[in-house]
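An overview of the molecular structure
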Amino acid sequence: MIGNFIADHIRGNNYTAYSKEIQQGIFLHRAIDTFTDAHPIVRKSKRRLHERYGHYDGVIIDIFYDYFLAKNWNSYSEIPLDIYTNKIYSLFKEKAPDLPLKSQQFIKYMIEYDILFNYQFEEGIAKVLNGMNNRTKGKSQMNLAIEDLKNLKEELEEDFTLFFKDLVNHSNKKLKEIIENL
């Protein structure tokens, strides 16, 4: 869990400073990113947004897919979303001092705004998109993407549902490989 969370803040082979379990999470995260970027359903979703957002389409689709996962959480987990997110926040708070600074900062933000739980609401997604737009100093226009979510909700949710089945299968296989080889 920790390795997967910090993976975007670990460059090159800097993962060697972490335990075997965290390294496994980092490698799994990297494998998921590669799989996702190449997946035809994800590419189809991105094409729906590309004209308006250019290379930011992938970031927006990631956020939209997080929305569909949180919104439909009960279909994927027996643990209620609020209980799951509180366990994650507790784990992250406990491990934060040992994590990269950017990860520590994001943990504070995530907990303060209850990001994981609020992904299930359009208002939560709108806040995330506004924040991302601010980080790009307005260049991305991601704040407008909430309109696209509302207009394309059925198509994008269908894309997500099909993709997520593939992702779960791929992740399970990949994690077994990573554990065997690390």
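Use the structure listed above.
I will try to describe carefully the structure that is included in this document.

Turning next to the pattern of salt bridges. Enumeration over the complete set of coordinates arrives at eight salt bridges. Between E157 and K71 there is a salt bridge; the shortest N-O distance is 3.0 Å. One end of the pair, E157, is in helix α11 (residues 153-181); the other, K71, is in helix α4 (residues 57-71), with 86 residues separating them in the sequence. E157 gets classed as buried once you look at its relative accessible area, which sits at 18%. Classification of K71 by relative accessible area gives partly exposed; the value is 32%. Measuring nitrogen to oxygen at the nearest pair gives 3.8 Å for the salt bridge that ties E94 to K95. Residue classification places E94 among the exposed residues on the basis of a relative accessible area of 55%. Where salt bridges share partners, they join K44, R48 and D159 into one cluster.

Take the packing of α4 against α11 next. At a closest axis distance of 10 Å, the pairing of α4 and α11 adopts a crossing angle of 80°. When the axes of α4 and α11 are compared, the pair comes out roughly perpendicular. The residues of α11 that touch α4, namely those facing I61, F64, Y65, Y67, F68, L69 and K71, are K153, L156, E157, D159, F160, F163 and F164. When its residues are assigned to classes, the contact of α4 with α11 shows 10 nonpolar, no polar and four charged.

Here the focus is the side chain of Q24. Of note, Q24 is situated in helix α2 (residues 20-38). In this structure Q24 comes out as buried when scored by relative accessible area, which is 13%. Not counting the four nearest positions on each side in its chain, Q24 is found in contact with I178, I179 and L182.

Grouped together as the largest cluster of nonpolar side chains are 50 residues, with contacts concentrated most on I6, F64, I125 and L129. Of the residues forming this core, the biggest block, eight residues, is contributed by α4. Discounting residues that sit within four places of it in the chain, I6 has contacts with Y18, I22, I26, L99, P100 and S103.

Positive phi is not limited to glycine here, since D114 has a value of about 50°. For K137, which is not a glycine, the phi torsion comes out positive at approximately 55°. Along the chain, the position of K137 falls in the loop between α9 (122-135) and α10 (145-151).

On to a negative patch on the surface. A surface patch of like charges, here negative, comprises D8, D33, D37, D62 and D66. Counting residues per element, the ones that place at least two in the negative patch are α2 and α4. Along the polypeptide, D8 turns up in the loop between α1 (2-6) and α2. Its relative accessible area of 41% is what places D8 among the partly exposed residues.

Cut-offs and rules
Residues numbered from 1 in each chain as written. Predicted model: local features only at pLDDT ≥ 70, side-chain atom pairs only at ≥ 80, totals over all residues. Heavy atoms only, no water. Salt bridge = Lys/Arg side-chain N within 4 Å of Asp/Glu carboxyl O. Helix = DSSP H or I, 4+ residues; strand = E, 2+ residues; numbered from the N terminus. Buried < 20%, exposed > 50% of the residue type's maximum accessible area, 1.4 Å probe, protein only. Axes fitted to C-alpha atoms, helices over the stretch in contact; angles between N-to-C directions. Parallel < 35°, antiparallel > 145°, perpendicular 65-115°, else oblique. Contact = heavy atoms within 4.5 Å. Nonpolar A, V, L, I, M, F, W, Y, C, P; charged D, E, K, R; others polar. Core = buried A, V, L, I, M, F, W, Y, C linked by side-chain atoms within 4.5 Å. Patch = residues over 30% accessible without salt bridge, like charges linked within 9 Å, V, L, I, M, F, W, Y side chains within 5 Å. Areas by Shrake-Rupley, 256 points an atom, 1.4 Å probe, with all protein chains shown as cover. Lys, Arg positive; Asp, Glu negative; His and termini not counted. Charge placed at Lys NZ, Arg CZ, Asp CG, Glu CD.

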